[in-house]
Amino acid sequence: MIGWLDCSAGISGDMLLGALVDADVPLGLLQSAVDAVGVEPVRLIRSTVTRGGLGATKVDVEVRDDATTRTWRDVRALLERADLADPVRATALAVFARLAGAEAAVHRVSPDDVHFHEVGALDAVADVVGAAAGLHALGLTALTASPVVLGSGTTRGAHGPLPVPAPAVLALLAGAPVLAGPVAREMTTPTGAALLAACATAYGPLPSMVLLRTGYGAGGRDPAEVANVLRLVLGETAPGPAAAELVLETNVDDLDPRLWPGVLIALMAAGARDAWLTPVLMKKGRPAHVLSVLVAPADAATVREVVFRETSTLGLREHHVVKHALARELRTVEVDGQAVRVKLGLLDGEVVNAMPEWEDVAAAAAVLGRPAKQVLREAHTAAQHLTGQHAADRDAAVRDAAG
């Protein structure tokens, strides 16, 4: 199953909880995850409301007045000892790690010393843990999101007035498509932004899918300018034809080999899907390379120009190929506290490949002061655990459907 979040009215933690419940994720499942954290009593309360004339589910987090100020170190300890499924815990930790990093950058302090004033501690823990549990229950292979409406104007924080978008929201959504929107109020909260940053695999329009159901999660206000709802659209990946692409090739025997790395980088920057060299022996016994470039037809002209400008070739040959690609899902594991992304390859819903991202492995090794091969080995081990968990979740879903 895949999901798409329509953030045209922004996003907050409680809006995502409402969208999940409205999309038939049991409220009791979310409540059980929140209870597992083991802090003061926290209740999730469901109600049906209208926003801009649209019916939607509102989930409120009811907590007693609590003057306790919790740091990222405190929240991390709560989550690490909570009786949560490992993927739920990992997602919750990733969300709070992003929150702490953003707040630390804004206030110029260490992430461990960040005090969660605006994100509240208890209600934020409920939002984050509940949302993580709900998304895990859906078993999504991908979660994409629309451009995110942030709002404008000012809001009130623990230290006084804050501009909208809040500085932490801007830090969290760096690299995401955003806009102010028509409402001069806060539309995206730091918690909502952190959930998107940790859980969304891509941004863009509604992807092609076989539609299953849609959940509407309500925000607290009902402005006249927009229906204040977060929509969660769920479906199965729509079957389609295999992708037709081009392979451009040329034999080169007179280019200084020190230039080849730059050539490959330039080709990828120009839109090539892949580029590689194969050593060959030419007809007169001279060593040479075959340059091969995989490219979508729409980008072929740009890539051809790069080949002619960056190499010494006088001509190209090309042929059409059909590409079959596995569905992909990006997950995160930890190696000694360092996040390492893992790319999962799925065949008919089954994980058949799991590969840690090398850049993350190298960065983690540098921070930890350990050989990269050790970090890679531990990341592979954690990735295998993800594979087993994915299979167990799929089997459980099959049993539930059969029962």
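Remember, predicted model here, so these are calculated numbers, not experimental data.

## A short note on the pattern of salt bridges
Pairing is possible between side chains of opposite charge, provided their charged atoms come close.
Inference 1: All chains considered together, the criterion is met by 17 salt bridges.
Inference 2: Note that Arg273 is salt-bridged to Glu245, the shortest N-O span being 2.4 Å. Residue Arg273 is located in the loop between helix H8 (260-269) and strand E13 (274-281), and its partner Glu245 is located in strand E12 (residues 243-252); the two are separated by 28 residues in the primary sequence.
Inference 3: For Arg273, a relative accessible area of 42% puts it in the partly exposed group.
Inference 4: In this structure Glu245 comes out as buried when scored by relative accessible area, which is 3%.
Inference 5: Of the charged contacts in the structure, one is a salt bridge between Arg370 and Glu378, with a shortest N-O distance of 2.4 Å.
Inference 6: Bridged by salt links that share partners, the residues Asp14, Lys58 and Asp60 form one connected network.

## Focus on the packing of helix H4 (residues 86-107) against helix H5 (residues 122-138)
Inference 1: The contact between H4 and H5 brings their axes to 9 Å, and the two run at 135°. Comparing their axes, H5 and H4 come out oblique. The chirality of how H4 crosses H5 is right-handed. Facing Pro87, Val88, Thr91, Ala92, Val95 and Phe96 of H4, the residues of H5 in contact are Ala124, Val125, Val128, Val129, Ala132, Ala133 and His136.
Inference 2: Split by residue class, the contact of H4 with H5 holds 11 nonpolar, two polar and no charged.

## Re the sheet that holds strand E17 (residues 338-347)
Inference 1: Across the sheet, which stays open at both edges, the three strands sit in the order E16-E17-E18 with antiparallel pairing between neighbours. Either end of the sheet is taken by a strand with one partner, and the two such strands are strand E16 (327-335) and strand E18 (350-356). Between one strand axis and the next, the sheet turns by 30° as a mean value, whatever way the strands run.
Inference 2: Note that E17 and E18 share six bridges and pair antiparallel. From the neighbouring strand, Leu344 faces E18, where its bridge partner is Ala354.
Inference 3: On top of the sheet, helix H10 (residues 358-368) reaches E16, E17 and E18; it is set at about 160° to E17, its chief contact.

Calculation notes
- Each chain has its residues counted from 1, running along the sequence as written.
- Note on the predicted model: pLDDT of at least 70 is required for a residue's local features to be given, and 80 or more for side-chain atom pairs to be given and counted; whole-chain, interface and lining totals, by contrast, use all residues.
- Side-chain numbers here rest on the full set of heavy atoms in the structure, without hydrogens or water.
- We define a salt bridge as a side-chain nitrogen of Lys or Arg found within 4 Å of a carboxyl oxygen belonging to Asp or Glu.
- The secondary structure listing takes helices from DSSP runs of H or I that are at least 4 residues long and strands from runs of E that are at least 2 residues long, numbered from the N terminus.
- The classification of residues rests on relative accessible area computed with a 1.4 Å probe and restricted to protein chains. Under 20% of the type maximum is buried, over 50% is exposed, and intermediate values are partly exposed.
- Only C-alpha atoms enter the line fits that serve as axes; for helices the fit covers just the stretch in contact. Angles between N-to-C directions range over 0 to 180 degrees.
- In these notes the angle categories are as follows: under 35 degrees is roughly parallel, over 145 is roughly antiparallel, 65 to 115 is roughly perpendicular, and the rest is oblique.
- With the far helix as reference, a near helix turned anticlockwise by less than a right angle produces a left-handed crossing, and one turned clockwise produces a right-handed crossing.
- Every residue pair with non-hydrogen atoms within 4.5 Å of one another is taken to be in contact.
- Only Asp, Glu, Lys and Arg are considered charged, only Ala, Val, Leu, Ile, Met, Phe, Trp, Tyr, Cys and Pro nonpolar, and every remaining residue, Gly among them, polar.
- DSSP-based pairing: two strands are paired if at least 2 bridges between them are found.

Function-wise, these values are silent; they only describe arrangement.
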